[in-house]
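# A look at the structure
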Amino acid sequence: MKRFVTSIFLTLFFLPIFALYTIKGKIIDSGSQQPIDFANVALIKMNSETPATGVTTDDKGHFLLPQVPKGKYTLRVSFVGYNTLNIPLNVSDIELDMGEIKLFEDSKTLSEVEVVGQGTQMTFELDKKVFSVDKNIAAAGGSASDVLQNIPSVDVDGEGNVSLRNNSSVEVWINGKPSGLTVDNRAQVLQQMPAESIDKVEVMTNPSAKFKAEGTSGIINIVLKKNRKAGYYGSVSAGAMYVDKAKPTGTLGLNLNYSSSKLDAYLNVGIRAMDFKGGGYFDRYGLNGADTTSLLHQVSDMGRGYHGLFSRAGIDYHINGKHTFSLSGFGMLGSGYSSSDIDYQYFTYIDNDKQLIPTKEYNRTNTGTATRPSWSVTADYRYDIDKSGSNLMSSLTFSPHKRTGIERIVENQDNLVSKDFTQLFEGNNEELEFKLDYTKVFSTNQKLEMGINTMSEIRYSPASAYDNLASDSINRYFNNFVQAEYNYAAYATYGSKYGNFTYQGGLRAEYFVREWDNSYFASELDAAPITIQGPTYKKLNLFPSAFVSYSLPNKNEIQLNVTRRIRRPHGREINPFRNYSDATSISYGNPDLLPELSTAFELNHIKSWDNHTLSSSVYYRFTDNVMQGVQFLNANDTMEITTMNLAKSSNLGMEFVAKNHLFKILNLTTTLNLYYNKILESEYASIYNPNIITVIPEQELFSWNVKSMANVILGKNTFLQLTGDYSAPRLVAQGKESASYAVDLGLRQTFLNKNLSLNMVVRDMFNTRKRSSITYGEGFYQRSENYFMGRMIGFTATYNFGNMKPKQSQKKESMEMNMNGGED
């Protein structure tokens, strides 16, 4: 193995050096003869649609493409509102001076370009797919969760949980950084973040070694808007939303941008209030062998809502042409409420399972409020070493997130209050991260990246309860869980291109440390809690990655990549606190959880036509120590729910992503995912009662899902967006989820030279976005259906202002082989 690795690196670093050339020129407006800054200049190899390199013009319209290998290319110059210009080139001179290149403004082209931006626009890069969502109609007035719901391969359930290719082990980043988002808090952050603040979403199903190895299914990076165009530009927006059976709510937004040769600054403020109504039912059958012995029937009505402020601001100071210092951050303040009204009915089966006899009835109401102040601040420094693109970047990010809540639970039986208690809880998370990244561009076709990344994270989660009937605290509800995590990482990747062949290899090393302790009362009679110190977990892991791409004739491209990823348990997954808020189910974490490790292979084929693009992928992922939520009945017939390591799982799938421009008025993006999922047999014991052993039999299932988004031009200033998705039944531990589907609609009308836009959205048009499942285990069988919100109708108005035309807002295409961390 050592000889193999050594030979690979020797091959990479001692490739022959070929003759390199320079291309330069100036882009001007054909009418005014004025230079066009921030125009996109891409150099595309013959018979390929993937840019070999690319730059944007400076404030004088100049561009420079250094170190270009000899060959035949197309020089593509584009800018919003102008005809795209394609110039064939045969690079064979030491320096090729293109002189002045004129772009012609065309109103028809402007209209078409703007319409293309109405929906999710997709571009392919070596290790990710990029979806431009800045004009997404269906998400207008919505949140980041609504944006992600419309991204191919991504799913967001009613509680805000995000999954990628049907796998919830996914990292969600903001501007190339975790920004303190965790499984415990990211649903709240994404639901509060305005959709209008998002520029694009990058999906990496197999991230390279440059990126943190956390998340076995990949990374979703949300890139927030940051316009850079000389002068100022801004917008204001207001909207109203109504969800079936809930109260009407509203949104307000303000976006300001300023840019000059020395300073770039931006400010975004959004105020959102949302109200949701949901409900569902739950049936649990008690089993004794083949006989059904009992039934618990549960019907619930639920409500939840929140209101708050989300803001972000940043400033970039260009010290000179090589050095830039940036300070940026975001914050959110707000509060929310939750309520539920649950009716419980218990029955016993007699007469050979044919007759039901009621045995008990009661009602339970839960009402609670919570606050969730959060913020994140980042200081960045960038040193552009040379004009080839070599640079050194460092960043320091501090992200504290906090959540406090209080919940009152009242049980009524036979018109008498049988229980009345109040739970108090906190969730505190502080993350500090430092990154140092070095990029050396040897030529247009050769790049080396190296870096270090350190992270520390402290979480503490105190909880307590008070019995309102007895006027006393409840010791068994007390818990104070403290967890500290440290991750020290270093990586190196090398990429090169030779002719039509592109490759990248890398290795990442992560040394992870976790410590925790927990305070609790051993019994109701104890006067003081006891504290236990958990064992320190230390582990060094290596994560290799490899990417290969080959450009074929007639705009075909093949990509192969292999990566290794990890999912470490965090927060409530390992917190042993027992949550009694539901009388029929007790949930708690498992401090003995081990990380799950996953190796993934992916083969992609991309075929481009003039108006169509098709991406076909075959992927295979196998995972050890799979973490899954499991459940079992205890001796009191109460369900216990926790997370355990199952044996192994494997996933084999095919994914097709098609982008089509039809009849000049329709843009259609469709994703079809076909996959086979297998979970091997495993058994586990309760951490509180090791004598209870539950066996999960081997499960396997073929499933599929499809998502399609259509953008239609109804008129010069009128646009329609229609999105539909369907998911076939899929596996979960101890059962499966049923099929589901939903349809969203968006309509946009613009006025005043497109400075004013009015949007109408209807989400879940047919009220079908529900979750139903069937699960089973030793002594029970249960089925349930829940929905967390109904049909939503919304209206949003946005007005743009500034000293530049809206068409000249920067639409910078991504030209780099790898993501450079969002905002630099």
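None of the values given here were measured: they were computed from a predicted structure. (Residues numbered from 1 in each chain as written. Predicted model: local features only at pLDDT ≥ 70, side-chain atom pairs only at ≥ 80, totals over all residues. Heavy atoms only, no water.)

### Description of the overall build of the protein chain
Along the backbone of the protein chain there are 4 helices and 49 strands. Long-range contacts, defined as pairs at least 24 residues apart, comprise 67% of the intrachain contacts of the protein chain with a sequence gap of at least 6. Of the roughly 35700 Å² that the protein chain leaves accessible, carbon and sulfur atoms contribute 58%. (Helix = DSSP H or I, 4+ residues; strand = E, 2+ residues; numbered from the N terminus. Contact = heavy atoms within 4.5 Å. Areas by Shrake-Rupley, 256 points an atom, 1.4 Å probe, with all protein chains shown as cover.)

### Examining the pairing of strand E29 (residues 537–552)
Examined bridge by bridge, strand E27 (residues 501–520) and E29 share 14 bridges and lie antiparallel to one another. Looking at E29, one finds that Leu 507 is bridged to Pro 544. Bridge count for E29 against strand E30 (residues 556–567) is 8 bridges, and the pairing is antiparallel. Counted as the bridge partner of Phe 547 is Asn 561 from E30. (Pairing = 2+ DSSP bridges.)

### Focus: the pairing of strand E19 (residues 323–350)
Pairing analysis gives 25 bridges linking strand E18 (residues 291–318) to E19, with the strands arranged antiparallel. Each residue of the ladder has a partner; that of Asp 301, found in E19, is Asp 341. Taken together, E18 and the strand that follows it, E19, pair antiparallel across an intervening segment of 4 residues. Pairing analysis gives 10 bridges linking E19 to strand E21 (residues 374–384), with the strands arranged antiparallel. Bridged to Ser 326 within E21 is Asp 380.

### With respect to unusual backbone geometry
Residues other than glycine seldom take positive phi values, yet Asn 415 does so here, at roughly 65°. By secondary structure assignment, the location of Asn 415 is in the loop between strand E22 (391–413) and strand E23 (416–443). For Ser 471, which is not glycine, the phi torsion reads 55° and is therefore positive. Locating Ser 471 in the fold gives a position in the loop between strand E24 (446–467) and strand E25 (472–473).

### Some points on the side chain of Asn 677
Summarising the element assignment, Asn 677 is placed in strand E38 (residues 666–679). From its side chain, Asn 677 meets the backbone oxygen of Ser 650 in a polar contact 3.4 Å long. For Asn 677, the contacting residues outside a window of four places in its chain are Ser 650, Asn 651, Gln 699, Glu 700, Leu 701 and Leu 731. (Polar contact = N/O pair within 3.5 Å; in protein donor to acceptor, adjacent residues only side chain to side chain.)

### Some details on a nonpolar patch on the surface
On the surface, a cluster of nonpolar side chains totalling about 950 Å² of accessible area is made up of Phe 501, Val 548, Tyr 550, Ile 558, Leu 560, Phe 601, Leu 603, Val 618, Tyr 620, Phe 622, Leu 652 and Met 654. Put simply, the parts of the chain that give the nonpolar patch at least two residues each are E29, E30, strand E33 (596–608), strand E34 (612–624) and strand E37 (648–662). Along the chain, Tyr 620 turns up in strand E34. (Patch = residues over 30% accessible without salt bridge, like charges linked within 9 Å, V, L, I, M, F, W, Y side chains within 5 Å. Salt bridge = Lys/Arg side-chain N within 4 Å of Asp/Glu carboxyl O.)

### Brief notes about the environment of Gly 534
Here Gly 534 is to be found in the loop between strand E28 (530–533) and E29. Overall, Gly 534 belongs to the buried group, its relative accessible area being 8%. Each C-alpha atom of the pair Gly 534 and Trp 516 lies 5.3 Å from the other, and the pair is 18 residues apart in sequence. Residue contacts for Gly 534: discarding those within four places in its chain leaves Trp 516 and Asp 517. (Buried < 20%, exposed > 50% of the residue type's maximum accessible area, 1.4 Å probe, protein only.)

### Focus on the packing of aromatic side chains
Tallied over the full model, the rule gives 15 aromatic pairs. Between Tyr 346 and Tyr 362, the aromatic rings sit 6.3 Å apart at their centres with planes inclined by 20°, giving stacked as the arrangement. Of this pair, Tyr 346 sits in strand E19 while Tyr 362 sits in strand E20 (residues 355–371), and the two are 16 residues apart along the sequence. Judged by centre distance (6.5 Å) and plane angle (50°), the ring pair of Phe 442 and Tyr 494 falls under tilted. One end of the pair, Phe 442, is in strand E23; the other, Tyr 494, is in strand E26 (residues 479–498), and 52 residues separate them in sequence. An aromatic cluster is built from Tyr 344, Tyr 346 and Tyr 362, whose rings are joined through pairwise contacts. Over the ring of Phe 276 we find Arg 304, and its NZ or CZ is 4.6 Å from the ring centre. (Phe/Tyr/Trp six-rings, centres within 6.5 Å; stacked < 30°, edge-to-face > 60°. Lys NZ or Arg CZ within 6 Å of the ring centre and 35° of its normal.)

### Section: a negative patch on the surface
Where like charges cluster on the molecular surface, the negative patch consists of Asp 301, Asp 341, Asp 343, Glu 361 and Asp 414. With respect to the helices and strands, the residue Asp 301 is situated in strand E18. In this structure Asp 301 comes out as exposed when scored by relative accessible area, which is 52%. (Lys, Arg positive; Asp, Glu negative; His and termini not counted. Charge placed at Lys NZ, Arg CZ, Asp CG, Glu CD.)

### Here's the deal with the confidence of the model for the protein chain
Mean pLDDT for the protein chain: 82, with 86% of residues reaching 70 or above. Confidence drops under a pLDDT of 50 for residues 1–18, and excluding neighbours within four residues, the segment shows 10 contacts in the predicted structure. Low pLDDT, under 50, characterises residues 107–120; the predicted model gives this stretch 38 contacts beyond four residues in sequence or across chains. (pLDDT = per-residue confidence, 0-100.)

### Focus: the nonpolar core
With 26 residues, the main nonpolar core has Leu 148, Val 154, Val 162, Met 193, Ile 198 and Val 201 as its most contacted residues. Looking at this core, the elements with two or more residues in it are helix H3 (144–149), strand E10 (154–156), strand E11 (162–164), strand E12 (170–174), helix H4 (186–192), strand E13 (198–204), strand E14 (218–224) and E19. When neighbours within four sequence positions are excluded, Val 201 is seen to be in contact with Lys 129, Val 130, Phe 131, Val 133, Val 147, Leu 148, Ile 151, Ile 220 and Asn 221. Counting 21 residues, the second-largest nonpolar core is a separate cluster that includes Phe 38, Phe 63, Tyr 73 and Tyr 82. (Core = buried A, V, L, I, M, F, W, Y, C linked by side-chain atoms within 4.5 Å.)

### Let's talk about the layout of surface pockets
As a volume, the second largest pocket reaches approximately 870 Å³. Lining the second largest pocket are 40 residues; nearest its centre among them are Tyr 346, Ala 583, Asn 636, Asp 637 and Thr 638. Mapped onto the lining of the second largest pocket, the elements with two or more residues apiece are strand E17 (263–288), E18, E19, E20, E22, E23 and strand E31 (579–582). Residue classes in the lining of the second largest pocket are distributed as 15 nonpolar, 12 polar and 13 charged. (1 Å grid on protein atoms, 1.4 Å probe; cavity = no way out; pocket = protein on both sides within 12 Å on 5 of 7 lines; lining within 4 Å. Points joined across faces, edges and corners; volume = space filled by probe spheres on them. Nonpolar A, V, L, I, M, F, W, Y, C, P; charged D, E, K, R; others polar.)

### Considerations on empty space enclosed by the protein
For the coordinates displayed, the defined rule picks out 11 cavities of 30 Å³ or more. Those elements that provide at least two residues to the lining of the second largest cavity are H3, E10, E17, E18, strand E42 (718–727) and strand E45 (740–751). For the lining of the second largest cavity, the leading source of residues is E45, giving 4 residues. Considered class by class, the residues forming the lining of the second largest cavity number 10 nonpolar, 12 polar and 13 charged.

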